[in-house]
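Coordinate analysis (summary)
Take a look at the letters that make up each chain.
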Amino acid sequence: MTPPAHAHLPCNGPGDGEVTGWVPATERSDDSLFVYDCINAEKTTLGNKGQDGKPTDKGSDDILAFAFSPSGDYFALTDDSKRLVLFHTKPSWECVSVRSVNRRGTSLIITAAEDKILVADKSGDVYSYSITEPQAEGKLELGHLSLLLDVALSPDDQYILTADRDEKIRVSLAKAPHYIVSYCLGHKEFVSKILVIPNYPDLLLSASGKYPVSRITYCCQGGYVAILCDCIPTVYVFQLDATAQQLVYRQKISLTHKIWDIAFEETGDLWILEENSEAPLQLYRPCDGQWKPVTDDKGLQKMSKHLQDNWTVFEGFVGAESHYSCLYKASFDNMAAYLQRKEERLKQQKKKRQDLQHGSNGQTKKMKTEESSL
């Protein structure tokens with residue numbers, strides 16, 4: 001048994017010139033992993049340039065977002081150097097193209113038709129990149145006035161859903177992205193993750209910064225949802241009640257180390273990648289409505305060994321702080337400060353009036369005393 005093709009594993013590594021991008025893949029026929037080093041990818045020339053004509057915006061090779069196609073035939077990633085790298089995974093892994101993107105990406109997704117890649121970036125735009133024409137430049141599809149954090153598609157590719165830092169989720173028509181179908185409002189903080197339920201395409205799961213969710217994974221068999229909150233070594237498992245449109249709590253899986261990522265298999269097995277060099281990968285299997293740890297699985301043992309042998313790639317993640325902390329907006333209570341200053345001003349005015357009144361009373365008494373003496 002091997003991890004699911006859609007498993008999302010961290011791809012950033014140490015930024016010290018060593019291997020900074022590693023793409024783990026499903027096992028190949030020669031029983032090895034496909035490893036790709038972003039350092040070897042073609043450097044982009046986009047970005048601000050100085051007086052000498054050389055780019056001043058130098059990025060690292062850290063991978064910012066990535067995704068498999070629905071069939072697993074394609075894999076795409078975008079990195080801090082504003083590159084979009086496309087791979088073909090079958091029959092063997094092969095780098096198809098390396099293209100430039102205008103801004104650093106925050107999320108990407110491949111269409112169900114597997115003909116386009118949608119990339120959301122920090123400037124609030126979504127660009128589409130052709131898969132059938134792997135060298136073609138990107139096309140601007142839509143834009144927000146705020147930083148985009150996630151992008152999703154309906155299973156039929158009819159709608160594009162985008163989530164931004166300003167607590168909004170926008171639903172746009174894919175064929176005419178300028179046409180906004182609706183907004184999904186109600187969040188009080190930035191929207192960190194969105195997911196259209198594959199077998200209930202009219203339902204959308206979303207998570208915000210109130211309890212920053214870094215990963216949502218869904219299993220169609222049983223309608224189970226696993227949620228990972230940022231920097232918390234706990235996975236929460238729910239079951240979708242589509243009729244009532246709510247999530248029913250089922251289980252809490254607590255570990256001792258920080259969890260980096262989670263992914264469901266179609267069978268319901270839950271894979272967990274954690275910050276632990278000795279046992280980086282955990283496998284939980286459903287049994288009587290509860291997920292229980294499995295240790296004797298050959299696929300688990302093999303993948304764990306691969307991760308341990310390449311642990312230097314993940315060292316840059318160990319102890320890393322939350323990347324969501326910078327997304328919270330600073331609030332300024334100007335009214336409280338105004339009321340406090342007003343209260344102080346009123347007290348000063350009252351004291352001055354009292355001082356003037358005391359002074360005038362003293363002057364009156366003095367005049368009356370002088371008159372009586374005469």
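Just above sits the structure.
So, here is what we can say about the structure in this document.

Rules behind the numbers
Residues numbered from 1 in each chain as written. Predicted model: local features only at pLDDT ≥ 70, side-chain atom pairs only at ≥ 80, totals over all residues. Heavy atoms only, no water. Phe/Tyr/Trp six-rings, centres within 6.5 Å; stacked < 30°, edge-to-face > 60°. Helix = DSSP H or I, 4+ residues; strand = E, 2+ residues; numbered from the N terminus. Buried < 20%, exposed > 50% of the residue type's maximum accessible area, 1.4 Å probe, protein only. Pairing = 2+ DSSP bridges. Salt bridge = Lys/Arg side-chain N within 4 Å of Asp/Glu carboxyl O. Axes fitted to C-alpha atoms, helices over the stretch in contact; angles between N-to-C directions. Core = buried A, V, L, I, M, F, W, Y, C linked by side-chain atoms within 4.5 Å. Contact = heavy atoms within 4.5 Å.

The subject of this paragraph is the packing of aromatic side chains. Within this structure, the stated rule accounts for 13 aromatic pairs. Measuring from centroid to centroid gives 5.9 Å for Phe238 and Tyr249, while their planes differ by 75°, and the two rings are edge-to-face. Of the two residues, Phe238 sits in strand β17 (residues 234–241) while Tyr249 sits in strand β18 (residues 246–254), which places them 11 residues apart along the sequence. A centroid spacing of 6.1 Å and a plane angle of 55° characterise the contact between Phe264 and Trp291, whose relative ring orientation is tilted. Placement of the pair is Phe264 in strand β19 (residues 259–264) and Trp291 in strand β22 (residues 290–294), with a sequence separation of 27 residues. An aromatic cluster is present here, built from Tyr36, Phe66, Phe68, Phe75, Phe87 and Trp93 joined pairwise through their rings.

Attention now moves to the pairing of strand β3 (residues 83–88). Of all 6 residues that make up β3, 5 are buried, and the element is covered over most of its length. Of the pairings in the sheet, the one linking strand β2 (residues 74–79) to β3 comprises 5 bridges and is antiparallel in character. Across the sheet, Ala76 pairs through a bridge with Leu86, a residue of β3. Counting the residues between successive antiparallel strands, the hairpin from β2 to β3 contains 3 residues, one of them, Lys82, with a positive phi of roughly 60°. Pairing geometry for β3 and strand β4 (residues 94–100), over 6 bridges, is antiparallel. In the sheet register, Arg83 faces β4, and the bridge partner there is Ser100. Here β3 folds back onto β4 in antiparallel fashion, the turn holding 5 residues.

Looking now at the pairing of strand β1 (residues 63–68). With 5 of its 6 residues buried, β1 lies for the most part within the structure. One ladder, built from 5 bridges, connects β1 with β2; its direction is antiparallel. Counterpart to Ala67 in the pairing with β2 is Ala76. Between β1 and β2, which pair antiparallel one after the other, the connecting turn spans 5 residues, and Gly72 there sits at a positive phi close to 85°.

Under the criterion given, the structure shown has 8 salt bridges. With a shortest N-O distance of 2.5 Å, Asp79 and Arg83 are connected by a salt bridge. Of the two residues, Asp79 and Arg83, both sit in the buried class. Asp297 is the partner of Arg285 in a salt bridge, and the nearest nitrogen-oxygen pair spans 3.3 Å. One end of the pair, Arg285, is in strand β21 (residues 281–287); the other, Asp297, is in the loop between β22 and α1 (298–309), and 12 residues separate them in sequence.

Pairing within the open sheet is antiparallel, and its 4 strands lie in the order β15-β16-β17-β18. Across the chains shown, the open sheet's two edge strands, defined by having one partner strand only, are β15 (213–219) and β18. Strand-to-strand twist of the sheet, defined as the mean angle between neighbouring strand axes without regard to direction, takes the value 25°. As defined by bridge partners, β15 adjoins strand β16 (residues 224–229) across 6 bridges and the pair is classed as antiparallel. Residue pairing in the sheet places Cys219 in a bridge with Tyr224 of β16.

This paragraph deals with the nonpolar core. Judged by nonpolar contacts, the single largest core of 15 residues is most densely connected at Val235, Ile253, Ile262, Leu270, Ile272 and Trp291. The set of elements that each furnish at least two residues to this core consists of β16, β17, β19 and β20 (270–274). The residues touching Leu270, leaving out its near neighbours within four places in the chain, are Thr217, Ala226, Val235, Ile253, Ile262, Ala263, Phe264, Gln282, Leu283, Tyr284 and Trp291.

Scope: geometric values only; no functional claims are made or implied.
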